[in-house]
Amino acid sequence: MNAGYLKSFALGLVALASVLSVQKALATDVSGTLSSDTVWEASKSPYVVTGTVLVSSGVKLTLEAGVEVKFDSGKSLQVFGELVAKGTSGSSITFTSVQENKAAGDWGQIVFYDSSVDASYDGNGDYASGSILEYCTVEYGGGILLNLGNPFINQGTIRYHSGRGIKTDNYNSSNNSAMLKITNNTISNNAGGVHLYGLGTVLITGNTISNNSVSGSGAGIKIDGGAGVTISGNTIENNVAESEGGGIGGGGGYQVLNNVIKGNQAREGGGIKGGGTITGNVISGNTATESKGGGFYDNSSGTFSNNYVLSNTGGGIYSQNGQSSITGNIIAGNTGGALHYTSGQSDSRSVSSNTIFNNTGSPVVYLKSDNDNGSLEVKNNTIVGNSGSPTVSLGKSSSASAPVFSYNNIYGNSGTYELATTIALGTDLDAENNYWGTSDASAIATKVYDWNEDDSLGFVDYTPHETAITVSNPISPPTGVSGQTGPTTMQLSWTANGESDIAGYKVYYDTDGSGYPYANSVSTGSTGTSYTLTGLSTGTAYYVAVAAVDSDGNESWVSAEVSGTTASTPTDLALTAQPSNSSAGSPIVS
């Protein structure tokens with residue numbers, strides 16, 4: 001090795017040491033107790049927490065936009081006073097590990113204690129003052145702990161924590177008037193997303209909560225004590241709980257409104273396990289590994305209404321004690337059954353006005369009365385296009401009243417039997433006033449499994465029966481949809497709906513993958529059973545489904561999907577040289 005090389009190498013080391021020294025000099029070390037109002041300025045960033053920082057009661061710590069805070073191993077930020085960390089969309093604040101190779105659990109937590117200044121809100125519900133984490137990235141620690149503190153957490157990124165991304169501990173009767181808002185955050189890749197425990201009003205709104213996993217329950221959101229909790233407008237996806245509630249788990253009495261809950265997994269209740277007011281959600285593609293409620297496992301009283309329960313594995317809905325009424329839902333495309341419902345309550349429960357379509361299971365729907373004083377009514381449902389036999393199984397415990405199955409449209413399912421009773425001889429099943437796809441009583445008899453097939457069972461009383469589809473029930477989805485693509489078109493046809501009040505059809509289509517929701521729709525403008533989509537892009541895969549519309553403007557769930565790829569348009573190749581038998585610029589002819 002020559003002397004010049006050694007000299008250059010030595011100079012390089014000196015330069016590197018100089019850079020590291022400058023970087024160290026530019027960092028601001030912080031630790032200990034803050035006893036007066038303090039500002040961490042962007043010009044002095046990064047701040048390195050070499051020892052736990054405690055913000056005393058009555059003291060405000062303000063972080064300017066753009067500040068980075070790096071924590072040594074095990075160190076935390078403890079807030080007994082007020083923390084104001086307001087970044088912006090273009091200049092966020094970061095709380096992270098000091099380590100070069102960062103990992104979950106590198107540092108402690110940001111903790112808000114009871115004496116900390118809670119966020120307050122104006123008459124419009126907008127933040128006015130108090131503790132806030134806004135446009136903050138909090139990563140590679142133990143998460144954010146709200147130990148009776150209630151900051152406003154908004155527009156943040158909370159990720160890669162060894163514990164829950166956000167955990168509340170508000171179990172204190174003196175704290176039942178508190179307001180906690182967690183809004184518009186991305187909460188991902190933690191050992192659990194959000195854990196809510198306590199009293200007061202809690203709003204979880206507009207967040208994306210994804211890819212969190214726990215060995216227990218509630219991987220996306222876990223709720224212990226749900227009164228006052230509203231979970232609305234969130235996307236809760238791809239979370240995994242080894243126990244219960246992949247998306248949302250635990251407790252009852254809360255509101256779950258208008259969320260997208262998809263791709264989650266748990267042993268029971270892949271999407272949700274719990275109860276309360278659960279309305280307007282899309283619950284799709286979730287999995288229950290023990291086949292108890294891939295979409296929803298009901299274990300608390302309430303209502304489950306107007307949800308889309310789609311393409312879940314391990315069943316759509318599972319209710320062991322029948323504590324919720326199941327009303328007005330679309331239950332479609334689930335495997336392992338659409339609905340398993342045992343009514344164990346001492347009052348009335350209903351399964352009504354649902355569309356149950358294109359599910360598989362044997363049975364597709366299981367219904368049982370299991371309380372001496374309660375009753376179960378199954379009415380005004382549309383049950384069509386399912387696979388498995390029987391389509392519906394009805395039973396009861398020895399001393400309970402038999403369920404009542406009435407005014408349903410049940411037809412066009414592929415199983416041998418549309419309905420089977422499991423009730424012992426001596427108690428007949430009321431299955432009157434249903435439409436079975438035919439007005440022929442002898443044909444209906446072949447669709448029912450009762451004493452005539454097994455003399456240990458009671459009879460099914462299906463007379464009187466409807467002779468036409470009950471149009472006040474949900475409209476059945478169209479069937480027999482097929483399509484043929486051209487370069488920029490797709491020709492569609494389908495079987496006419498049997499309802500007497502159909503006014504037209506609507507075609508839904510998309511290019512970004514199979515399944516609901518669809519980005520585009522068009523009304524056919526008639527009761528005809530064909531339509532051509534035009535103006536499509538060449539060489540593109542399209543996913544298409546058809547819905548029926550009645551004279552009141554009510555719309556069915558969509559048909560089974562068809563797909564096709566539009567043809568690529570051939571490209572004319574022009575000659576740039578002149579062969580002996582052609583002219584330059586003319587197209588090649590084969």
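Before any of the text, the structure's been laid out above.
Overview of the structure.

About the thresholds
- Residues numbered from 1 in each chain as written.
- Predicted model: local features only at pLDDT ≥ 70, side-chain atom pairs only at ≥ 80, totals over all residues.
- Heavy atoms only, no water.
- Phe/Tyr/Trp six-rings, centres within 6.5 Å; stacked < 30°, edge-to-face > 60°.
- Helix = DSSP H or I, 4+ residues; strand = E, 2+ residues; numbered from the N terminus.
- Buried < 20%, exposed > 50% of the residue type's maximum accessible area, 1.4 Å probe, protein only.
- Pairing = 2+ DSSP bridges.
- Axes fitted to C-alpha atoms, helices over the stretch in contact; angles between N-to-C directions.
- Core = buried A, V, L, I, M, F, W, Y, C linked by side-chain atoms within 4.5 Å.
- Contact = heavy atoms within 4.5 Å.
- Salt bridge = Lys/Arg side-chain N within 4 Å of Asp/Glu carboxyl O.

**Quick look at the packing of aromatic side chains**
Next, step 1: Taken as a whole and judged by the stated rule, the model has 17 aromatic pairs.
Next, step 2: On the basis of an interplanar angle of 70° and a centroid distance of 5.6 Å, the ring pair of Y411 and Y435 is categorised as edge-to-face. Remark: Y435 occurs in the loop between β52 (429-430) and α2 (441-445) and Y411 occurs in strand β50 (residues 409-411); sequence separation between them is 24 residues. Each member of the pair, Y411 together with Y435, is buried.

**Thoughts on the sheet that holds strand β56 (residues 490-495)**
Next, step 1: If you trace the 3 strands from one edge of the open sheet to the other, you get β55-β56-β59, paired in antiparallel fashion. Looking at strand neighbours, the two that pair on one side only are β55 (479-485) and β59 (530-533), the edges of this open sheet. Averaged over all adjacent pairs, the angle separating strand axes in this sheet is 20°, with direction ignored.
Next, step 2: Summarising the sheet, β55 and β56 pair through 5 bridges and their orientation is antiparallel. Directly across from S482, in β56, lies its bridge partner S493.

**Focus on the nonpolar core**
Next, step 1: L63, L77, F95, I221, I248 and L367 are the most contacted members of the largest nonpolar core, which has 81 residues in total.
Next, step 2: With 4 residues, strand β3 (residues 47-55) is the largest single contributor of residues to this core.
Next, step 3: In this structure, L77 is in contact with V53, V55, L61, F71, L83, F95, Q109, I110 and V111, ignoring residues within four places of it in sequence.

**What to know about the sheet that holds strand β58 (residues 520-523)**
Sheet strands associate in pairs through backbone hydrogen bonding, adopting either a parallel or an antiparallel arrangement.
Next, step 1: Taking strand neighbours across the sheet as the criterion, the 4 strands line up as β58-β57-β60-β61 in an open arrangement whose pairing is antiparallel. Only two strands of the sheet have a single neighbouring strand rather than two, namely β58 and β61 (562-565). Between one strand and the next, the sheet's axes are offset by a mean angle of 25°, whatever the strand orientation.
Next, step 2: The pairing of strand β60 (residues 541-550) with β61 spans 4 bridges and is antiparallel. In the sheet register, V544 faces β61, and the bridge partner there is V562.

**Regarding the pattern of salt bridges**
Next, step 1: Within the structure shown, the criterion is met by 8 salt bridges.
Next, step 2: Linking E244 and K273 is a salt bridge whose minimum nitrogen-to-oxygen distance equals 3.0 Å. Of this pair, E244 sits in the loop between β27 (240-241) and β28 (248-249) while K273 sits in strand β32 (residues 272-274), placing them 29 residues apart in sequence.
Next, step 3: E244 gets classed as partly exposed once you look at its relative accessible area, which sits at 24%.
Next, step 4: A salt bridge links K379 to E377, with the shortest nitrogen-to-oxygen separation between them at 3.3 Å.
Next, step 5: A cluster of three or more residues bridged by salt bridges with shared partners is formed by E244, R267, E268, K273 and E290.

**Focus on unusual backbone geometry**
Next, step 1: That bond from S45 to P46 is cis: its omega, 5°, falls within 30 degrees of zero.
Next, step 2: Here P46 shows up in the loop between β2 (38-40) and β3.
Next, step 3: Of the consecutive residues T463 and P464, the connecting peptide bond is found in the cis state with omega at 5°.
Next, step 4: Along the chain, the position of P464 falls in the loop between β54 (460-461) and β55.
Next, step 5: A positive phi angle, near 50°, is found at Y135, a position not held by glycine.
Next, step 6: Secondary-structure assignment places Y135 in the loop between β12 (132-134) and β13 (136-139).
Next, step 7: The class for Y135 is partly exposed, based on a relative accessible area of 25%.
Next, step 8: The phi torsion at S353 lies on the positive side, around 60°, for a residue other than glycine.
Next, step 9: Assignment of secondary structure puts S353 in the loop between β43 (348-352) and β44 (355-357).

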